[in-house]
Amino acid sequence: MTSHSPIQRIAHPLFEQYQLTVDIKRDDLLHPVISGNKWRKLKYNIKHLQQHNYQGIVSFGGGYSNHIHALAYAGHYYGFATVGVIRGEAHYANNYSLQCAQKWGMELKFIDRKSYRQKTEASFLEQLQQQYRNYFIVPEGGSNQLALPGVAEVCQELNQQTNYDTLITPVGSAGTLAGLITGDNNQHQLLGIAVLKQGEYLVDDVKQLIPNTGTDNNWQILTQYHCGGYAKFSQQDLAELKAFSHITGVPFEPIYSGKMILALLDLIKNNTFAPGHHIVLLHTGGLQGLAGLAEQNKLKADEWPLPPGLQVL
Ligand SMILES: Cc1ncc(COP(=O)(O)O)c(C=O)c1O
């Protein structure tokens, strides 16, 4: 598994008009399945499992979770057992993400939405631990302390790849932004784009992951670019994102990286960045999610193809 991703300059008429330089850190190219922030967040969790001889990892996710999909593959690849605690009904087991997960040996446990909300409560976790005694429990999205050093490596790579002013990432469970904050060490401006509604609480989630981070740090989370909520988007959002992919040649999906792109375009049009500003976008992967969106008829599979390496079940 490679730990180093390329950086790519992207061109767009808007960047030219506002005299901006925009690069994209292609973490989606790290691996077809354990792509983007999935690999970054899992890397030291897997090392921890190996060092402590755990039998496997139990983790949590929704029915189409990128994290669950990647974790299942990691277990298959590195030879440890995986259990996915999935929010929702057993019929999700037939979707693309969870079929892949099962093919790679993951055991799936479906729980109703109300029980799922207890996923961080001590009594719930204790019960789960009793059931899976020699397993290591990793929270939803893989966002724990061990996720941070892997994500921080993005900043170390970037420092060798380019000079820049602002780094932008989508934010879901906060581990990625928290890792970037630790890795960046106040060198650049960091912008997180919340992909879900009422994402103001994510600031506290970041601070909880990095308790000694003061408010003087150079990071913020923008909460107005959720496009209606988690995994929600309009046909106009889709059309704008498709056009951006077409112009730049970079594939995106509308749940995470796509919302970052729509936010970027709006921020530029609102004169947020002075001429000469150099932006880096972190492509956090998650392109497997396109299959689930096509299955739910939220977009057309032929217009949003899966990247090479993901097609085969
Ligand atoms: C593709 C993708 N991008 C971005 C994120 C957001 O990262 P985080 O949950 O660490 O905030 C996720 C969720 O983990 C994701 O699956």
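Here is what the cut-offs are and how they apply
- Numbering of residues starts from 1 in each chain and follows the order in which that chain's sequence is written.
- In view of the model being predicted, local features appear only for residues whose pLDDT reaches at least 70, and side-chain atom pairs are presented and counted only at 80 or more, with totals across whole chains, interfaces and linings using the full set of residues.
- To obtain the side-chain values, all non-hydrogen atoms of the structure were included, while hydrogens and water were left out.
- Each helix is a run of DSSP H or I of at least 4 residues and each strand a run of E of at least 2, with the numbering of both proceeding from the N terminus.
- In this setup the radius of gyration rests on C-alpha atoms only. A globule is expected at 2.2 Å times the number of residues raised to 0.38.
- Using a 1.4 Å probe on the protein chains alone, a residue whose accessible area is under 20% of its type maximum counts as buried, one over 50% counts as exposed, and one in between counts as partly exposed.
- Note on contacts: a residue pair is in contact if any heavy atoms of the two residues lie within 4.5 Å.
- Method for areas: the Shrake-Rupley scheme with a 1.4 Å probe, in which residue coverage is limited to the protein chains shown.
- We score Asp and Glu as negative and Lys and Arg as positive, and we do not count His or the chain ends.
- To locate a charge, the coordinates of NZ of Lys, CZ of Arg, CG of Asp or CD of Glu are taken.
- Take the number of residues in a helix, subtract one, and multiply by 1.5 Å to get its expected span.
- Note on terminology: near, applied to a residue and a molecule or strand, indicates that one of the residue's heavy atoms is within 4 Å of it.
- The term polar contact refers here to a pair of N or O atoms within 3.5 Å; inside protein, the definition further demands a hydrogen-donor-capable atom paired with an acceptor-capable atom, and it admits residues adjacent in sequence only when both atoms are side-chain atoms.
- By definition, a salt bridge exists where a carboxyl oxygen of Asp or Glu is found within 4 Å of a side-chain nitrogen of Lys or Arg.
- What counts as an axis is a line fitted to C-alpha atoms, over the stretch in contact for a helix, and the angles between N-to-C directions run from 0 to 180 degrees.
- Small angles under 35 degrees read as roughly parallel and large ones over 145 as roughly antiparallel, with 65 to 115 read as roughly perpendicular and the rest as oblique.
- Left-handed describes a crossing in which the near helix is turned anticlockwise from the far one by less than a right angle; the clockwise case is right-handed.
- Gly is placed with the polar residues, together with every amino acid not listed as nonpolar (Ala, Val, Leu, Ile, Met, Phe, Trp, Tyr, Cys and Pro) or charged (Asp, Glu, Lys and Arg).
- Between any two strands, at least two bridges found by DSSP are needed for them to pair.
- Ring pairs are drawn from Phe, Tyr and Trp, using the six-membered ring of Trp, whenever the two centres fall within 6.5 Å, and their geometry is named by plane angle: stacked under 30 degrees, edge-to-face over 60, tilted for the rest.
- The rule for a charge over a ring is simple: NZ of Lys or CZ of Arg within 6 Å of the ring centre, and within 35 degrees of the ring normal.

(A) Just the overall build of the protein chain, in detail. Helix and strand counts for the protein chain come out as twelve helices and ten strands. Computed over the C-alpha atoms, the radius of gyration of the protein chain is 19 Å, within 12% of the 20 Å expected from 2.2 N^0.38 for a compact globule of 313 residues. In terms of principal-axis extent, the alpha carbons of the protein chain reach across some 60 × 45 × 35 Å. Taken across its 313 residues, the protein chain has 57% of its residues classed as buried. Sequence-distant contacts in the protein chain: of pairs separated by 6 or more residues, those separated by 24 or more amount to 74%. For the protein chain, the exposed surface amounts to about 13600 Å²; the carbon and sulfur share of it is 47%. Counting 24 positive and 25 negative side-chain charges, the protein chain places the centres of these two groups 5 Å from one another.

(B) Seen up close, helix H7 (residues 147-161). For H7, with 15 residues, the first-to-last C-alpha span of 22 Å sits near the 21 Å given by 1.5 Å per residue. Taken together, the buried positions of H7 are Ala147, Leu148, Gly150, Val151, Ala152, Glu153, Val154, Cys155, Glu157 and Leu158.

(C) Broad picture of the site of the ligand. Residues in close proximity to the ligand total 16 residues, the closest being Lys41, Gly172, Ser173, Thr176 and Thr284. Asn37 is positioned such that a nitrogen or oxygen atom in its side chain is 3.0 Å from an oxygen atom of the ligand. One of the backbone N or O atoms of Ala174 is found 2.8 Å from an oxygen atom in the ligand. Notes on the ligand: free accessible area 380 Å², of which the protein chains cover 97%. Of all the secondary structure elements, the ones that give two or more residues to the shell around the ligand are helix H2 (37-51), strand S7 (166-171) and helix H8 (175-184). No other element matches H2, which puts three residues into the shell around the ligand.

(D) Looking closely at the environment of Gly142. Structurally, the position occupied by Gly142 is in the loop between strand S6 (135-137) and H7. Judged by its relative accessible area of 2%, Gly142 falls in the buried class. Taking the C-alpha atoms as reference, Gly142 lies 6.7 Å from Leu42; in sequence the two are 100 residues apart. Leaving out residues up to four positions away in the same chain, Gly142 has contacts with Lys41, Asn45, His67 and Ala147.

(E) Fine view of the pattern of salt bridges. Throughout the structure, instances matching the rule amount to nine salt bridges. Between Glu157 and Lys25 there is a salt bridge, with the nearest N and O atoms lying 2.6 Å from each other. Separated by 132 residues along the polypeptide, Glu157 in helix H7 and Lys25 in strand S2 (residues 21-25) bring together distant segments of the chain. In this structure Glu157 comes out as buried when scored by relative accessible area, which is 6%. Where Asp27 meets Arg40, a salt bridge forms, and the shortest distance between an N and an O atom there is 2.7 Å. One end of the pair, Asp27, is in the loop between S2 and H2; the other, Arg40, is in helix H2, with 13 residues separating them in the sequence. Classification of Asp27 as buried rests on a relative accessible area of 1%. What emerges from the salt-bridge pattern is a single network uniting Lys25, Asp27, Arg40 and Glu157.

(F) Representation of the packing of H7 against H8. At a closest axis distance of 7 Å, the pairing of H7 and H8 adopts a crossing angle of 60 degrees. Comparing the axis directions of H7 and H8 gives the class oblique. Crossing hand, H7 versus H8: right-handed. Across the interface between the two elements, Leu148, Val151, Ala152, Val154 and Cys155 of H7 pack against Gly175, Thr176, Ala178, Gly179, Leu180, Thr182, Gly183 and Asp184 of H8. Taken together, the residues that form the contact of H7 with H8 break down as seven nonpolar, five polar and one charged.

(G) Region of interest: the sheet that holds strand S4 (residues 81-87). A sheet is described by the order of its strands in space; here four strands give the open sequence S5-S4-S3-S6, paired in parallel fashion. Pairing within the sheet leaves two strands with one partner each, and these edge strands are strand S5 (107-111) and S6. Neighbour to neighbour, the strand axes of the sheet diverge by 25 degrees on average, direction disregarded. Summarising the sheet, strand S3 (residues 56-61) and S4 pair through six bridges and their orientation is parallel. When the sheet's bridge partners are listed, Val58 is paired in S4 with Val83.

(H) Structural view of the packing of aromatic side chains. Scanning the model with the defined rule gives twelve aromatic pairs in all. Judged by centre distance (6.0 Å) and plane angle (25 degrees), the ring pair of Tyr73 and Tyr77 falls under stacked. Taken as a pair, Tyr73 and Tyr77 lie in helix H3 (residues 66-78) at a separation of four residues, close to a single helical turn. For Tyr77, a relative accessible area of 43% puts it in the partly exposed group. Aromatic side chains Tyr132 and Tyr135 sit 5.3 Å apart centroid to centroid with 65 degrees between the ring planes, which places their arrangement in the edge-to-face category. Pair check on accessibility: Tyr132 and Tyr135 agree, each one buried. Members of the aromatic cluster, connected to one another through ring pairs, are Trp39, Tyr73, Tyr77, Tyr78 and Trp104. Stacked on the ring of Tyr116, the Lys or Arg Arg87 has its end atom at 5.3 Å from the ring centre.

Function cannot be inferred from these measures alone, as they are strictly geometric.
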